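# Working through the structure, step by step
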Amino acid sequence: MIKSVELCRTVFKSGEYPPPLEREIAFAGRSNVGKSSLLNSLFGRKLAHTSSTPGKTRSINFYTVNGSVYFVDLPGYGYAKASIKEKEKWERLIIDYFDSRKSLSLLAVLMDSRHPFQAVDRQMLEWVIYYSLPYLVVLTKADKLSRSQQSITLKSVKDGLSECGALPPVFMVSAEKRQGIEELVNTLL
Ligand SMILES: Nc1nc2c(ncn2[C@@H]2O[C@H](COP(=O)(O)OP(=O)(O)OP(=O)(O)O)[C@@H](O)[C@H]2O)c(=O)[nH]1
Ligand SMILES: [Mg+2]
């Protein structure tokens, strides 16, 4: 259960990271996939800024949960108007985060339940393997799919991951309707 949460630090460049806590859980995924919305839904409070315009979160935001766990909102990438320079900046920030944070205990890889396995999603899954990160997959915006589409998607995503020899837990959530949120909180904490 989340009893307390506060924004601890907003990081724009290497070296600004806060000292580690007991555990650190980061939320990664394409821009607009719903990372900040999911965090707000987990927190039960609107702390993270969200926007229908992709590219809202440009910094790495550390939230302290129950005084002992960081939930980390990573910036997204993959919006149509982004330049190569922006892509490089994003990659540098994320790679520096993975290189620096040995305290990272779990990565939640978010994918849009309507369009899983986009190029940026595959990039994230490659980093997961490269850095040997414990991870789980969260399929977002479930409310945009019917119940039967949800079970078909869940199965095809699990099949897709197992083809790559991976069997992470996969969650289907809706931040808007709070579907799957309690289950995810219980797994994370
Ligand atoms: N229908 C629906 N829309 C959602 C859901 N979660 C997020 N959205 C919408 O998706 C858009 C993007 O959400 P954000 O949470 O800002 O996405 P983000 O991944 O943090 O994006 P960046 O900060 O750009 O990386 C917003 O318009 C949200 O309202 C959901 O569960 N259901
Ligand atoms: Mg965001």
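It should be noted that the structure appears before, not after, this text.
Residues numbered from 1 in each chain as written. Chains lettered and ligands numbered in written order. Predicted model: local features only at pLDDT ≥ 70, side-chain atom pairs only at ≥ 80, totals over all residues. Heavy atoms only, no water.

### Considerations on the overall build of the chain
- Along the backbone of the chain there are five helices and seven strands.
- N-terminal to C-terminal, the α/β element order of the chain is β-β-α-β-β-α-β-α-β-α-β-α.
- By its C-alpha atoms, the chain is 45 × 40 × 35 Å across when sized along the principal axes.
- Here the chain, with 189 residues, has 49% of them falling under the buried criterion.
- Considering only contacts in the chain between residues 6 or more positions apart, those separated by 24 or more positions represent 71%.
- Summed over its atoms, the accessible surface of the chain is roughly 9,700 Å², and 51% of this surface lies on carbon and sulfur atoms. (Helix = DSSP H or I, 4+ residues; strand = E, 2+ residues; numbered from the N terminus. Buried < 20%, exposed > 50% of the residue type's maximum accessible area, 1.4 Å probe, protein only. Contact = heavy atoms within 4.5 Å. Areas by Shrake-Rupley, 256 points an atom, 1.4 Å probe, with all protein chains shown as cover.)

### Some words on the sheet that holds strand E1 (residues 5-11)
- Spatial strand order, E1-E3-E4-E2-E5-E6-E7: seven strands in an open sheet with mixed pairing. A single partner strand is all that each edge strand has here, and the edge strands are E1 and strand E7 (170-172). Taken over all neighbouring pairs, the strand axes of this sheet differ in orientation by 20° on average, direction set aside.
- Strand direction decides the pairing type here: strand E5 (residues 106-112) and strand E6 (residues 135-140), joined by six bridges, are parallel. Each bridged residue has a counterpart across the sheet, and for Asp-112 the counterpart in E6 is Thr-140.
- In the packing of helix H2 (residues 84-100) onto the sheet, contacts are made with strand E2 (23-28), strand E3 (60-65), strand E4 (69-73) and E5, and the angle to E3 comes to roughly 40°.
- Helix-sheet contacts for helix H5 (residues 181-188) involve E2, E4, E5, E6 and E7, and the interaxial angle to E6 is about 165°. (Pairing = 2+ DSSP bridges. Axes fitted to C-alpha atoms, helices over the stretch in contact; angles between N-to-C directions.)

### What about the pairing of E4?
- Counting buried residues in E4 gives five out of five residues, a clear majority hidden from the surface.
- Burial along E4 is two-sided: Val-69, Phe-71 and Asp-73 and Tyr-70 and Val-72, pointing in opposite directions, are all buried.
- Bridging between E2 and E4 involves five bridges; their strand directions are parallel. The residue of E4 that forms the bridge with Phe-27 is Asp-73.
- Bridge analysis of E3 against E4 gives five bridges, and the strand direction is antiparallel. Residue Thr-64 lies in a different strand from E4, and its bridge partner there is Tyr-70.

### So, the side chain of Lys-35
- Looking at the secondary structure, you find Lys-35 in helix H1 (residues 35-43).
- As a buried residue without a salt bridge, Lys-35 has its nearest oppositely charged side chain in Asp-73, at a separation of 5.7 Å.
- Within the structure, Lys-35 has its side chain in polar contact with the backbone oxygen of Gly-29 (distance 2.9 Å).
- Leave out the neighbours within four places in its chain, and Lys-35 touches Phe-27, Ala-28, Gly-29, Arg-30, Asp-73, Leu-74, Pro-75, Gly-76 and Leu-110. (Lys, Arg positive; Asp, Glu negative; His and termini not counted. Salt bridge = Lys/Arg side-chain N within 4 Å of Asp/Glu carboxyl O. Polar contact = N/O pair within 3.5 Å; in protein donor to acceptor, adjacent residues only side chain to side chain.)

### Looking at the site of ligand 1
- In the vicinity of ligand 1, 22 residues are found, and the nearest of them are Ser-31, Ser-37, Gly-55, Thr-57 and Asp-143.
- Separating an oxygen atom of ligand 1 from a side-chain N or O atom of Lys-35 is a distance of 2.8 Å.
- In the complex, 89% of the free accessible area of ligand 1, which totals 660 Å², lies under the protein chains.
- Its atoms largely coinciding with the cavity grid, ligand 1 occupies the largest pocket. (Near = heavy atom within 4 Å. 1 Å grid on protein atoms, 1.4 Å probe; cavity = no way out; pocket = protein on both sides within 12 Å on 5 of 7 lines; lining within 4 Å. Sits in = over half its atoms within 2 Å of the grid points.)

### Brief notes about the pattern of salt bridges
- Overall, the coordinates contain eight salt bridges when judged by the stated rule.
- Among the ionic pairs, Arg-114 bridges to Asp-112, the shortest N-O distance being 3.0 Å.
- On the basis of relative accessibility, which here comes to 34%, the residue Arg-114 falls in the partly exposed class.
- Asp-159 serves as the salt-bridge partner of Lys-155, at 2.8 Å between the closest nitrogen and oxygen. Here the residue Lys-155 and the residue Asp-159 both occupy positions in helix H4 (residues 147-163), the gap between them amounting to four residues, near one helical turn.
- Ionic contacts of the salt-bridge type, sharing partners, join the residues Arg-30, Asp-112 and Arg-114 into one network.

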